[in-house]
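Tertiary structure, described
One-letter residues, chain by chain:
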Amino acid sequence: MRISVVLSTYNRPRDLERVLWGYAVQTDRAFQLVVADDGSGAETAALVDRMRGEANLDLLHVWHEDRGFRKTEILNRAIAAAAGDYLVFSDGDCIPRRDLVATHRALAAPGRFIAGGYLKLPAAVSDRITVDDVTSGRVSDLAWLRAQGWRPGRRALRLTGSRRIGRIFDALTPTSTEFHGNNASVWREALERVNGFEGEMGYGGLDKALGYRLRNAGVRGVQARHRAVCLHLHHERPYRDPQMLRRNRELLARLRAGGEHRARRGLAELAPDPTLRLNGEPAYQESV
């Protein structure tokens, strides 16, 4: 099984750097890292180039020009470009615990997707986290996070260091098993079966829509929010669009109610894009 980790990003290079270092110190290093970049500026490209050598990462930077929020399209481009037959999805503002890739690999099973967990950090704590905090493992240490001012309450249970206890918590949690794009994994074959992410969707629920389609196609979720863990850095969301959120909710309701399992504008509908770049090089060559 070859794993590709797909990270979505847009103009947050400081967050992305800390996240990339989180993957550089994974206990399981046998994976490709694909940065799905929705049109970030030159600073992000320079960071990815630097990290490829500095952190010894197998990095693929998939970029298209900025024409507004097109996260679903760049994610589909990343899926098409990824080398793996098993894909882990996360975001460029979610620092993985050291065992994240190993846990997704261990839990992968035919006909299933893995639903990991995340912990949202407050702004003050997010700002304090350094690269050294990530590479040393302090960033996922409960005592250290509390010393920085984080008050997690019951969410602290997600940072248990025991795989056995985490499995018990996952079995007991009343939380539904959802496909969250900041920490989930699934086989490429299943993604192709549902035609990837829905290109008609803007911000708000695009990952849930994929999860509903997977279920409608017979792919069931495995709860792993206490075993596969990442730390979500704080950021604002100026791209929220009330009209788009309303349309997305209507689409999600339709998917829950019926058996629809293929995206209407997904992987199969990707057309050549002259702005698409793979590691800075044009993905499509103009015919002479």
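Scroll up for the structure.
An account of the accompanying structure is given in this report. (Residues numbered from 1 in each chain as written. Predicted model: local features only at pLDDT ≥ 70, side-chain atom pairs only at ≥ 80, totals over all residues. Heavy atoms only, no water.)

Some thoughts on the pattern of salt bridges
In a structure, side chains of opposite charge can pair up when their charged atoms sit close to one another. Which entries qualify depends on this criterion: Definition used for salt bridges: Asp or Glu carboxyl oxygen within 4 Å of a side-chain nitrogen of Lys or Arg.
Going through the model one piece at a time under the given rule, you end up with 21 salt bridges. With its nearest N and O atoms 3.5 Å apart, the salt bridge here joins Glu260 to Arg264. If you follow the salt bridges from partner to partner, you end up with Glu198, Arg213, Glu260 and Arg264 in one network.

A short note on the packing of aromatic side chains
Applicable threshold: Classification of ring pairs rests on two measures: the distance between centres of Phe, Tyr or Trp rings, Trp counted by its six-membered ring, which must be within 6.5 Å, and the angle between planes, read as stacked under 30 degrees, edge-to-face over 60 and tilted in between. The buried label goes to any residue with under 20% of its type's maximum accessible area, the exposed label to any with over 50%, and the partly exposed label to all in between, with areas taken from a 1.4 Å probe on protein chains only. Only DSSP runs of H or I reaching four residues or more are called helices, and only runs of E reaching two or more are called strands; each is numbered from the N terminus.
One pass over the full model with this rule turns up five aromatic pairs. With centroids separated by 6.0 Å and ring planes inclined at 65°, the aromatic side chains of Tyr23 and Phe31 adopt a geometry described as edge-to-face. For Phe31, a relative accessible area of 7% gives the class buried. Their ring planes at 75° and their centres at 5.6 Å tell us that Phe89 and Phe197 sit as a pair that is edge-to-face. Here Phe89, found in strand β4 (residues 86–91), pairs with Phe197, found in the loop between α9 (188–193) and α10 (206–216); they are 108 residues apart in sequence, far enough to count as distant. Residue Phe89 is classed as buried on the basis of its relative accessible area of 1%. An aromatic cluster of three or more residues is present, and its members are Phe89, Phe113, Phe179 and Phe197.

Regarding the environment of Gly205
Within the fold, Gly205 resides in the loop between α9 and α10. Relative accessible area serves as the criterion here: at 17%, Gly205 is assigned to the buried category. When the C-alpha positions of Gly205 and Arg264 are compared, they lie 16 Å apart, and in sequence the two are 59 residues distant.

Some details on the pairing of strand β2 (residues 31–37)
Quick reminder of the rule: Here a strand pair is declared whenever DSSP counts at least two bridges between the two strands. Looking down the strands as they point away from you, a crossover is right-handed if its path from the first strand over the helix to the second goes clockwise.
Counting buried positions along β2 yields seven of seven residues, so the element is predominantly enclosed. Of the two faces of β2, the one lined by Phe31, Leu33, Val35 and Asp37 and the one lined by Gln32, Val34 and Ala36 are each fully buried. Two strands pair when backbone bridges link them, and strand β1 (residues 3–9) and β2 are joined in this way by seven bridges, in the parallel orientation. Within β2, the residue paired with Val6 across the bridge is Val34. Crossover β1 to β2 through helix α1 (residues 13–24) is right-handed. One ladder, built from five bridges, connects β2 with strand β3 (residues 59–63); its direction is parallel.

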